[in-house]
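Commentary on secondary and tertiary structure
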Amino acid sequence: MEIRLDGKVALVTGGSRGIGKGIAEVFAAAGAQVMITSRNEQSCAEAAREIGEGVHFEAGHIGHDEDAERVIEATMDRLGRIDVLVNNAATNPYAGRTIEVDRPRWDKTFEINLTAPLFWTQRVWNRFMKGKGGAVINVSSVGGLATSPTLGVYDVTKAALIHLTTQLAAELAPQVRVNALAPGLVKTDFAKVLWEGGKGETVAKAYPLKRLGEPEDVARAALFLAADTGRWITGQTWALEGGALAAFRRTA
Ligand SMILES: NC(=O)c1ccc[n+]([C@@H]2O[C@H](COP(=O)([O-])OP(=O)(O)OC[C@H]3O[C@@H](n4cnc5c(N)ncnc54)[C@H](OP(=O)(O)O)[C@@H]3O)[C@@H](O)[C@H]2O)c1
């Protein structure tokens, strides 16, 4: 069975590179019209041009209410509907022990990784999905299911995003399905510090499936959840991590 999104419109935050761009690419190939957004208009334009047919862009900062409003309105004006919202953009301004984090970076991480997905979902629900249905996909992290010596603050926001996913799944059913993806290490700019200089090879060796993730690995799961294939799935978090958690449980 081929998974298709013909006639559907998807809005993907952080769609200009990495996992978000991978999702936009796979959704467009499945027949969707895709609106991508990120802070940098030129990167959005380049990504849209690169992917080609079916991809549109409107730049904006996900943490700014007026930008969220403008991007969502631009999507409705130009494409007429929003069947799928992918809350993908995130930040990680702090590395270190959670107990030592300063207030501004704690707040920033929550604002972008948790508050923004909630209010983007709220806007899209009110604007389109409440009446017409849809699917929301939150991009969390495998870090939201574990602990880390240095990424604890980021991981707490991603764990909260998993809970928000379950909460909204319960609240927004039956019109809207809400699911999350929890990737392990994917070779993108965001995670460069974790894979550059040969570090990625060490991580890959520890993964049962012996390689790091590619944006397409995440995008394929997103497509399954967004399309009719996911029609009886809501409130779930899918770990996409080459078996990392299985290996962790074994050694632990
Ligand atoms: N890569 C991994 O190993 C990994 C693992 C687990 C989970 N994740 C999650 O996967 C998602 C995507 O990460 P990625 O690795 O693909 O990152 P990436 O390659 O750095 O891409 C991030 C995207 O988000 C946009 N963005 C960042 N801050 C934004 C903001 N405030 N407002 C609007 N757009 C913003 C960026 O564009 P601009 O900079 O132009 O705004 C870019 O399009 C994130 O939720 C991340 O936490 C990644």
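Below is a short write-up of the structure. What you see is a predicted model, and the numbers here were worked out from it, not measured in a lab.

**Let's talk about the site of the ligand**
The ligand sits among 29 residues. The nearest are S16, I19, N88, Y154 and T188. Interatomic distance of 3.2 Å between a backbone N/O atom of G14 and an oxygen atom of the ligand. A distance of 3.1 Å separates an oxygen atom of the ligand from a polar side-chain atom of S38. Contact with the protein chains hides 95% of the accessible area of the ligand, taken as 890 Å² for the molecule alone. Residue composition of the shell around the ligand, grouped by class: 12 nonpolar, 13 polar and 4 charged.

**Looking at the pattern of salt bridges**
One pass over the full model with this rule turns up 17 salt bridges. With its nearest N and O atoms 3.7 Å apart, the salt bridge here joins R123 to D65. Remark: D65 occurs in helix α3 (residues 65-79) and R123 occurs in helix α4 (residues 103-132); sequence separation between them is 58 residues. Note on R123: relative accessible area 22%, which makes it partly exposed.

**Examining the packing of aromatic side chains**
Within the structure shown, the criterion is met by 3 aromatic pairs. On the numbers, 4.6 Å between centres and 40 degrees between planes, the contact of W106 with F110 is tilted. With W106 and F110 both in helix α4 and 4 residues apart, the pair spans about one turn of that helix. Its relative accessible area of 17% is what places F110 among the buried residues. Their ring planes at 45 degrees and their centres at 5.8 Å tell us that Y154 and F190 sit as a pair that is tilted. In this pair, Y154 sits in helix α5 (residues 152-172) while F190 sits in the loop between β6 (176-183) and α6 (192-195), placing the two residues 36 residues apart along the sequence. Judged by its relative accessible area of 44%, F190 falls in the partly exposed class.

Rules used throughout
Residues numbered from 1 in each chain as written. Predicted model: local features only at pLDDT ≥ 70, side-chain atom pairs only at ≥ 80, totals over all residues. Heavy atoms only, no water. Near = heavy atom within 4 Å. Polar contact = N/O pair within 3.5 Å; in protein donor to acceptor, adjacent residues only side chain to side chain. Areas by Shrake-Rupley, 256 points an atom, 1.4 Å probe, with all protein chains shown as cover. Nonpolar A, V, L, I, M, F, W, Y, C, P; charged D, E, K, R; others polar. Salt bridge = Lys/Arg side-chain N within 4 Å of Asp/Glu carboxyl O. Helix = DSSP H or I, 4+ residues; strand = E, 2+ residues; numbered from the N terminus. Buried < 20%, exposed > 50% of the residue type's maximum accessible area, 1.4 Å probe, protein only. Phe/Tyr/Trp six-rings, centres within 6.5 Å; stacked < 30°, edge-to-face > 60°.

As far as function goes, none of this settles anything; it's purely spatial.
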